[in-house]
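For reference, the chains in residue letters:
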Amino acid sequence: HTESISSELENLKVNFNIFLLGEAGRKNLQDFAACGIDRMNYDTYLAQTGKSPAGVNLLSFAYDLEAKANRL
């Protein structure tokens, strides 16, 4: 039986249809690749993302705003 099984395995043909990404996902990747990300100045980007998004202490500003609202 080993010879028969070995012969069957040698003659076995397997076709795989692998679907990794749909049309919308492919379009998103193509758009991202064409967006110019490769021309971005990363030093400037990192410097900007390291900055605080607000110039004030948001927690104290919120407390102050709440106090003003309560006085109204």
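The preceding data block contains the structure.
Note that the structure is a prediction, hence the values are computed from the model and not measured.

S.K.: Help me understand the pattern of salt bridges in this model?
M.R.: Between side chains of opposite charge, pairing is possible as soon as their charged atoms come close. Taken as a whole and judged by the stated rule, the model has three salt bridges. For the salt bridge of D31 with K27, the shortest nitrogen-to-oxygen distance reads 3.1 Å. Residue D31 and its partner K27 are located together in helix 2 (residues 23–33), separated by four residues, close to a single helical turn. Note that D64 and K68 form a salt bridge whose closest N and O atoms lie 3.4 Å from each other. Of the two residues, D64 and K68 both sit in helix 4 (residues 58–71), four residues apart, roughly one turn of that helix. Given the relative accessible area of 42%, K68 is considered partly exposed.

So, how was this worked out
- Residue indices follow the written sequence of each chain, beginning from 1 at its first position.
- Only residues with pLDDT of at least 70 get local features here, since the model is predicted, and only at 80 or more are side-chain atom pairs given and counted; chain-wide, interface and lining totals rely on the full set of residues.
- Side-chain metrics in this entry use all non-hydrogen atoms of the structure; hydrogen atoms and water are not considered.
- Here a salt bridge means any side-chain nitrogen of Lys or Arg lying within 4 Å of a carboxyl oxygen belonging to Asp or Glu.
- By the criteria applied, helices consist of DSSP H or I runs no shorter than four residues and strands consist of E runs no shorter than two, each listed in order from the N terminus.
- When accessible area is computed with a 1.4 Å probe and restricted to protein chains, residues below 20% of their type maximum are described as buried, those above 50% as exposed, and intermediate ones as partly exposed.

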